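Secondary and tertiary structure notes
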Amino acid sequence: MVFQNGRFPIVGVGASAGGIPAMEGLFKGLTGGTGMAFVVVTNLSPERESLLHDVIARYTGMPVIVAEEGMAVQPDQVYVMPQNVVLTIRKGALSLRRPNTLNRERTPIDIFFRALAEDQGEYAIGIILSGGDSDGTLGARAIKEHGGLTIAQASDGSGARNPDMPQSAISSGLIDIAAPAEEIGAKLQAFGRGFNVLNGLAEGGGEHKADMDRAADEIDPTLRGHSGHDFSSLKTKTFSVNEEAQSTNELEASKEEMQSLNEELNTINAELTGKIEELDRANSDLRNLFESTEIATIFLDRNLVVRTFTPAASSFFNLRPSDVGRPLTDLSSQLDYPELKRHIQAVFETGETLNHHLARDDKGRFYLVRINPYRDKGGSIQGVVVTMIDVTTLAQAEERQQVLISELNHRVKNMLAVVASITNRTREYSASKEEFAEALIGRLHAMSRAYSLLSRESWTEASVEELLHQELDAFGAERFELDGKRVSLKPVQGLSFGMAIHELATNAAKYGALSKPAGRIIVKWSVVDGTFKLVWREKGGPRIKEPTDSGFGLTLLRGEIGYRLGGKVETSFRSNGLEAEIAFPLTREESS
């Protein structure tokens, strides 16, 4: 279609939420050449990249162009507003500017429609499609005031997905034509043909123009009284077209039943939107759960096709996102699990969870595989959920527990043997029951204290200084001078060392330095070339003589250090007190 005087209508198309289906209906409804230009304006997020020009190009044979600064608008072409700009028009050319950041401009459709009305007058056409607010209503008013045509997507037929924006404009009484999106194209082309004819009549002079002027003079008072608007300034052809469009709009407004249906559809749409948002939140929660868990999980259907999986599962089956929809049996696996397929089939048959411990892998890791049935809402098994849990720490703990139990049994047997030996030897060297009881109880307490210290350290090692304090503090810590660096003894060494110190202290209390108030004991220790050495020197005690035979204390001392620890004990009975030197290798294997 070619319009007279070289001018042609410019159609502004405004849309936002749900606008894609509406624009599909609009542009598919345009047949042949319209002779009009189309400018598409949306109020999408400025951060969102727009691919609208590619989408519209699927629905129309007209060239679809992304608007640029100063671009002259041509008929039978579609111009699409870029993202994050404000679009206007001046003298038939598009103008782009950045939005005002201080005063956020949130109505790009209103802004363009007003500019279009001021620039094109009666050649301006505004179409308002699906959207979520009232953007476009004020722009439609400007187009009407300048003699242009206004169209909005109606709620009947295949109405707007989001009717707020077109409904706001329709409710204002400013819309000339309200129609479903797929019918707007035909009505627009019909308007174009009538516009061309009326243009020729109005500007051709003669009796047709005079008749139209008289009709306008008669109709104008009626319309002014009905609508409150003064139409006397409009050109005759515009008046005629708008009068016809206004009548059509009044007919549309009378369809109360369709309006009621539209309200019901709005309610259903709102409920559906809420369900979609709820589903989106659930999907987001599930995605975040998958990404945060370290448990390898794979969802399989009845044909063992991968439905989804957690990132942790990738290391076991070399899974990638593109593997969703492929059978698990087609994928290579890092697991030594030949029974997997058979176990999955067993879960399908029994409907019960199956647990399977995998053997230690080449990295020393243990895994527990758990296969659960995947049931739908009706309880029917539609697949399985396979999870792999790293239980290496648990397996190692169980192994250590077995070692500890064996070690405990071994130590209890040794301890009972030592107790039996101490009891027998103490009885042999005791002159009375009282002396026997006192000596035996003291030695058993010494063993108990050493055991307690070793148990506190998880039976791994014991500090020399702590063992000394365990045995000596009961005699008065101020009477001992301890000098040595930190040295740790193994369990057997710690037990024998503790009993040896107990014998020395007990002997000092009975016969040596600790039997006198002024008596003191100096204890020094060191490690030389892997050998532990301790010197016990008493002073301030009674004058002593070397005994003619060894008592049980000295015998026990030499037995524990010499026999059990592979060391030696040297004693000197000086006039001012006993001096003993203990030495044993720290690296000797513990006695079994």
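Look up: the structure comes first, before these words.
Every residue gets a number counted from 1 within its own chain, in the order that chain's sequence is written. The predicted origin of the model limits local features to residues at a pLDDT of at least 70 and limits the giving and counting of side-chain atom pairs to 80 or more, whereas totals for whole chains, interfaces and linings rest on all residues. To get the side-chain values, take all heavy atoms of the structure and skip hydrogens and water.

**Some details on the overall build of the chain**
Inclusion rule: Under the scheme used here, helices are H or I runs from DSSP no shorter than 4 residues and strands are E runs no shorter than 2 residues, and both carry numbers assigned from the N terminus. Partly exposed describes any residue whose relative accessible area lies between the buried limit of under 20% and the exposed limit of over 50%, with all areas from a 1.4 Å probe on protein chains only and scaled to the type maximum. Contacts are residue-level and defined by heavy atoms, with any inter-residue pair within 4.5 Å sufficient. Calculation of accessible area relied on Shrake-Rupley with a 1.4 Å probe; when residues are assessed, cover is drawn exclusively from the protein chains displayed.
The secondary structure content of the chain amounts to 16 helices and 21 strands. Relative to its full complement of 592 residues, the chain shows a buried share of 42%. Pairs at least 24 apart in sequence give 63% of the contacts found in the chain among residues at least 6 apart. Only carbon and sulfur atoms are counted for the fraction: they give 50% of the accessible area of the chain, which is about 31500 Å².

**Some remarks on the sheet that holds strand E10 (residues 296-301)**
Stated precisely, the cut-off is as follows: When DSSP locates at least two bridges between a pair of strands, those strands are taken to pair. What counts as an axis is a line fitted to C-alpha atoms, over the stretch in contact for a helix, and the angles between N-to-C directions run from 0 to 180 degrees.
Spatially, 5 strands are ordered E11-E10-E14-E13-E12 in an open sheet, and the strand pairing comes out antiparallel. Whereas interior strands pair on both sides, the edge strands pair on one side only; in this sheet they are strand E11 (306-309) and strand E12 (354-358). Across the sheet, the mean angle separating the axes of adjacent strands is 20 degrees when strand polarity is ignored. Pairing analysis gives 5 bridges linking E12 to strand E13 (residues 367-375), with the strands arranged antiparallel. Opposite histidine 356, over in E13, you have valine 369 as the bridge partner. Against the sheet, helix H11 (residues 340-350) makes contact with E10, E12, E13 and strand E14 (381-390), and its axis sits at roughly 130 degrees relative to E14, the strand it touches most.

**Some words on the side chain of threonine 60**
Our working definition: In the analysis that follows, any N or O atom pair within 3.5 Å is treated as a polar contact, provided that within protein one partner can donate a hydrogen and the other can accept it, and provided that, for residues neighboring in sequence, both atoms belong to side chains.
Looking at where threonine 60 falls in the secondary structure, it is placed in the loop between helix H2 (52-56) and strand E3 (64-66). One polar contact links the side chain of threonine 60 to the main-chain amide nitrogen of methionine 62, over a distance of 3.1 Å.

**Concerning the pairing of strand E8 (residues 149-153)**
Let me state the cut-off plainly: A crossover gets the label right-handed when its path from the first strand over the helix to the second runs clockwise, viewed with the strands pointing away from the viewer.
The element E8 is largely enclosed, with a buried count of 5 among its 5 residues. Burial along E8 is two-sided: Leu149, Ile151 and Gln153 facing one way and Thr150 and Ala152 facing the other are all buried. Bridge count for strand E7 (residues 124-128) against E8 is 4 bridges, and the pairing is parallel. Bridge pairing in E8 places isoleucine 128 opposite alanine 152. Handedness of the crossover is the feature at issue here: the chain leaves E7, passes through helix H4 (residues 137-145), returns alongside E8, and the resulting connection is right-handed. In terms of strand pairing, E8 meets strand E9 (residues 177-179) through 3 bridges, oriented parallel. Across the sheet, alanine 152 pairs through a bridge with alanine 178, a residue of E9.

**Some details on the sheet that holds E9**
Consider a sheet: its strands pair through backbone hydrogen bonds, and that pairing is either parallel or antiparallel. Here 7 strands make up an open sheet; going across it, the order is E3-E4-E2-E1-E7-E8-E9 and the pairing parallel. At either end of the open sheet lies a strand with only one pairing partner, and these are E3 and E9. Adjacent strand axes in the sheet meet at a mean angle of 20 degrees when their direction is disregarded.

**Focus on the nonpolar core**
Short version of the rule: The nonpolar core is taken to be a set of buried Ala, Val, Leu, Ile, Met, Phe, Trp, Tyr and Cys residues, with the residues joined through side-chain atoms within 4.5 Å.
In this structure, Phe27 and Phe38 are the most contacted members of the largest nonpolar core, which totals 61 residues. The greatest single-element share of this core, amounting to 6 residues, is contributed by helix H3 (residues 108-120). Once residues lying within four places of it in the same chain are set aside, the contact partners of phenylalanine 27 are Phe38, Val40, Ile56, Tyr59, Thr60, Met62 and Val78. Phe497, Ile501, Ile521 and Leu565 belong to the second largest nonpolar core, which has 34 residues in total.

**Topic: the packing of aromatic side chains**
How we decide: Paired rings are identified among Phe, Tyr and Trp, the last through its six-membered ring, by centres lying within 6.5 Å, and are further divided according to the angle between planes into stacked (under 30 degrees), edge-to-face (over 60) and tilted (the rest). When the NZ atom of lysine or the CZ atom of arginine is within 6 Å of a ring's centre and also within 35 degrees of its normal, the charge is said to sit over that ring.
For the coordinates displayed, the defined rule picks out 5 aromatic pairs. Relative to phenylalanine 532, the ring of phenylalanine 497 has its centre 5.7 Å away and its plane inclined at 85 degrees; by these criteria the two rings are edge-to-face. Within this pair, whereas phenylalanine 497 is found in helix H15 (residues 491-510), its partner phenylalanine 532 is found in strand E19 (residues 531-539), the two being separated by 35 residues in sequence. Each member of the pair, phenylalanine 497 as well as phenylalanine 532, carries the same accessibility label: buried. Here the aromatic cluster, defined as three or more aromatic residues joined through ring pairs, consists of Phe497, Phe532 and Phe584. When the ring centre of tyrosine 374 is taken as reference, the NZ or CZ atom of arginine 307 above it lies at 4.6 Å.

**What to know about the pattern of salt bridges**
The line we're drawing: Between Lys or Arg on one side and Asp or Glu on the other, a salt bridge is scored when a side-chain nitrogen of the former is within 4 Å of a carboxyl oxygen of the latter.
One pass over the structure, following the stated rule, counts 5 salt bridges. Salt-bridge contacts for lysine 144 lead to aspartate 176; the nearest nitrogen and oxygen are separated by 2.5 Å. Taken together, the residues span a long stretch of sequence, with lysine 144 in helix H4 and aspartate 176 in the loop between helix H5 (164-171) and E9 at a distance of 32 residues. For the pair lysine 144 and aspartate 176, a shared accessibility class is recorded, and that class is buried. Between arginine 574 and glutamate 579 there is a salt bridge, and its shortest N-O distance comes to 3.2 Å. Overall, the relative accessible area of 41% leaves arginine 574 in the partly exposed class.

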